[in-house]
Amino acid sequence: MTSRDRAEDAEGGISERSPVTERRLHPVTPFRRAWAPLAVLAGWAVHDPNGAQEQLARLTDTVLLLGLAVLVPAAGLYGFLSWWFTHYAVTDTELRIRTGLLFRRTAHIRLERVQAVDVSRPLLARVAGVARLRIDVVGADDKDELAYLGEREARALRAELLARAAGFAPETAREVGEAPARALVHVPPRELARSLLLTGATWGSLCAALIVPTVLWLTTQNVWTVLVSALPLLGTAGASSVGRFVAEFDWTVSESPDGLRIDHGLLDRTHETVPPGRVQTVRIVEPLLWRRAGWVRVELDVAGSANSVLIPVAPRAIAESVVARVLPDVTVPAEMSPAARGARWCLPVWWRGHRLAVTGTVFAARSGLLCRRLSLVPHAKVQSVRLTQGPWERRWGLADVHVDTGADKTVTARLRGAEEAARFLGEQAERSRTGRRAALPDRWMTTD
Amino acid sequence: METGSLEGTGAAADQPVWRGLRPGLLRVRRLLLVVWTGVLAVAAGLLPGLLAGPAWALCALLPAVSAAWCWRLLGRNWRSWRYAERADDLLISRGVLWREETVVPYGRMQLVEVTSGPLERRFGLATVQLHTAAAATDATIPGLDPAEAERLRDRLTELGQARSAGL
């Protein structure tokens, strides 16, 4: 499948130091790259259909054929060259991706800094039997992904990367293979569909998509205005209902020694592995309409990762048991203390939604009245703690406490008593220090 | 809490030793205030005075009065800034009306930055800024003595290495 080439034909410097096998991407990749010029043309045609038609009418057959004769090989050559000059290699400490024909670019991704590994297979890639592999590290670019690899190769590479990141010896890393996984949650399609029907955003976007074009038609009688307004609205409505169903279909969360595995998708299959100790915050979201059914959505933040959903919908008890597995030693606090006494004067009505609970392992802050969001931050993940107090809050003896985490998310406990907040600030610093001592090492299979 | 003196660096863990900023910072800020007020007052006095009559030149008093108020505010704001080095973390407290207190554990520091612009250099000042993995962490200490800023930087990086922790 993969054409292997030794590193000696490339620049000598790197290859001399370490005899690393550089590999190329799957041979189907050029076709993906060759799309780019055609996509630009297609985009132009869609953007300006009248202009495109005029231009086409003016062209004679010979010109058209000549143009095609130039364009198609050029696109093919571009695709081929960009494939030919892209190499990747796994060394003991890093994944190296070397790309670029004119502008050389080498990405060195340190394996112990890996925050998550994603393998995704869009529909067309599934047909071709290839997959895209992406390593999430803090500050990683979109360019730092391996697209495309053969499906089996992608799986083997993922297992190897995770084994090396976990701290297995380099000789054994290739043989360790895939760690066994145990399913924790599977979201049945019926439940997913019902939860989407009970989501306000779905109905809101649908109503907007129906009402706005109708009103416009009645007032302006202009087909173009209606089309221009209706298409994006219909697009959002589709994306928030059908699109979400398709994306979140067959959502499975499983557990393995390599960490958490999240699999989902009907057409585009996506697989994410989050190694242990990488989750910065977990949010339990409880929309108003879901409360009767006792459902919650669980979101998570991993530094450098795009995905933020852990479970799209699940009964609360199951969700809490999964959270307990994701954040070790953490139980979702049942009792939370309400905001301090003067809070009603700072934030009428909504003050009731703000609650806080701090246990030995986790900082839990809840906010929102209709849609409740409970954010959990393990003390070990706290980057800094801040206390803020405005003049009106001081008048009522209140203060806010902010906890900053590495995924660029700040969790805020609003409207606490000023003395409580000040005491808490000192304690929190102490707690996050002791929490870090107990945390797992970056290479989670090593014991030191 | 007048200036950043060098004695007493080893603060006890429970009792933070607070330090204030250099008076030079207040002088720079007040100087800037005076310069800008002067420009504004001339503009506010000349334009209406020439266009609408000499009596309108009194408009120049408006920037002057607000500047007097800002003069006081700057002083209060300068006094409110203070920082303390504890055994394991750095405390920064600031603000009069909108108060903010930040705690940054040394082990969380990713980068310590010392900057000093031309005006700051002229007045012998430097700014130390701490970055953690969270962009929201806003830990900046302006108006330090350059020697104190370098001492702080060295101490922070040293402690940061000793207590380093990943994400």
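Residues numbered from 1 in each chain as written. Chains lettered and ligands numbered in written order. Predicted model: local features only at pLDDT ≥ 70, side-chain atom pairs only at ≥ 80, totals over all residues. Heavy atoms only, no water.

**Considerations on the UniProt feature "transmembrane region" (unreviewed entry) in chain B**
Residues and elements named next belong to chain B. Following the UniProt record, one finds the feature "transmembrane region" (unreviewed entry) at residues 31-49 and 55-74. Split by type, residues 31-49 is 100% helix and 0% strand. Its first and last C-alpha atoms lie 27 Å apart. Taken end to end, residues 55-74 is 70% helix and 0% strand, and its two terminal C-alpha atoms sit 31 Å from one another. (UniProt positions renumbered as here; feature names shortened; annotations may be inferred. Helix = DSSP H or I, 4+ residues; strand = E, 2+ residues; numbered from the N terminus.)

**Considering the UniProt feature "domain: YdbS-like PH" (unreviewed entry) in chain B**
The sites that carry the UniProt feature "domain: YdbS-like PH" (unreviewed entry) are, in the present numbering, residues 78-156 of chain B. For residues 78-156 of chain B, helix accounts for 24% and strand for 47%, while the C-alpha atoms at its two ends are 23 Å apart.

**Examining the sheet that holds strand E11 (residues 259-264) of chain A**
All names here are of chain A. Strand order across the open sheet formed by seven strands is E8-E7-E6-E12-E11-E10-E9, with antiparallel pairing between neighbours. Edge positions in the sheet fall to strand E8 (145-150) and strand E9 (182-186), since each has one partner strand and no second. On average, each strand axis in the sheet is tilted by 20° relative to the strand beside it, whichever way the strands run. Note that strand E6 (residues 116-121) and strand E12 (residues 269-274) share five bridges and pair antiparallel. Counterpart to Arg 121 in the pairing with E12 is Arg 269. (Pairing = 2+ DSSP bridges. Axes fitted to C-alpha atoms, helices over the stretch in contact; angles between N-to-C directions.)

**A word on the interface of chain A and chain B**
On the side of chain B, 22 residues touch chain A, which itself brings 27 residues to the contact. Both sides of the chain A and chain B interface together cover about 2100 Å² of buried area, and 49% of this is carbon and sulfur. Considering only the side of chain A, the residues that lose the most area to chain B are A:Gln383, A:Arg386 and A:Arg436, jointly responsible for 27% of the buried surface there. One can count one salt bridge joining chain A with chain B. Put simply, chain A and chain B have eleven residue pairs in polar contact (both at pLDDT 80 or more) between them. Among the elements of the structure, strand E20 (382-389), helix H13 (391-395), strand E21 (398-405) and helix H14 (418-437) of chain A are those that each provide at least two residues to the side of chain A that touches chain B. For the side of chain A that touches chain B, the element with the most residues is E20(A), which contributes eight residues. For the side of chain A that touches chain B, the class distribution of residues is nine nonpolar, eleven polar and seven charged. Where E20(A) and strand E3 (residues 99-105) of chain B come together, five bridges link them in antiparallel fashion. Looking at the pairing, A:Thr388 lines up with B:Glu100 of E3(B). (Contact = heavy atoms within 4.5 Å. Buried area = accessible area lost by both parts, 1.4 Å probe. Salt bridge = Lys/Arg side-chain N within 4 Å of Asp/Glu carboxyl O. Polar contact = N/O pair within 3.5 Å; in protein donor to acceptor, adjacent residues only side chain to side chain. Nonpolar A, V, L, I, M, F, W, Y, C, P; charged D, E, K, R; others polar.)

**Quick notes on the sheet that holds strand E5 (residues 126-132) of chain B**
The strands making up a sheet associate through hydrogen bonds between their backbones, and the pairing can be parallel or antiparallel. Residue and element names in this part refer to chain B. Judged by pairing direction, the sheet is antiparallel, and its three strands sit side by side in the order E4-E5-E6 without closing on themselves. On the outer flanks of this sheet lie strand E4 (109-115) and strand E6 (139-144), each paired with one strand and no other. The mean angle between the axes of side-by-side strands here comes to 15°, regardless of whether they run parallel or antiparallel.

**Looking at the side chain of A:His402**
With respect to the secondary-structure elements, A:His402 resides in strand E21. Since its relative accessible area comes to 13%, A:His402 is described here as buried. (Buried < 20%, exposed > 50% of the residue type's maximum accessible area, 1.4 Å probe, protein only.)

**What to know about the domain arrangement of chain B**
By convention, interface size is frequently given as the accessible area that disappears when the constituent parts associate. Residues and elements named next belong to chain B. By the assigned domains, chain B splits into domain 1 (28-75) and domain 2 (82-162). Summarising the inter-unit geometry, the C-alpha centres of domain 1 and domain 2 are found 35 Å apart. The interface is formed by four residues belonging to domain 1 together with four residues belonging to domain 2. Here domain 1 meets domain 2 over a buried area of about 300 Å², counting both sides, of which 89% is carbon and sulfur. The three residues of domain 1 that bury the most area against domain 2 are Val 28, Arg 29 and Leu 31, which together make up 86% of that side's buried surface. In this assembly, domain 1 and domain 2 are joined by zero salt bridges. (Domains from an automatic or database assignment.)

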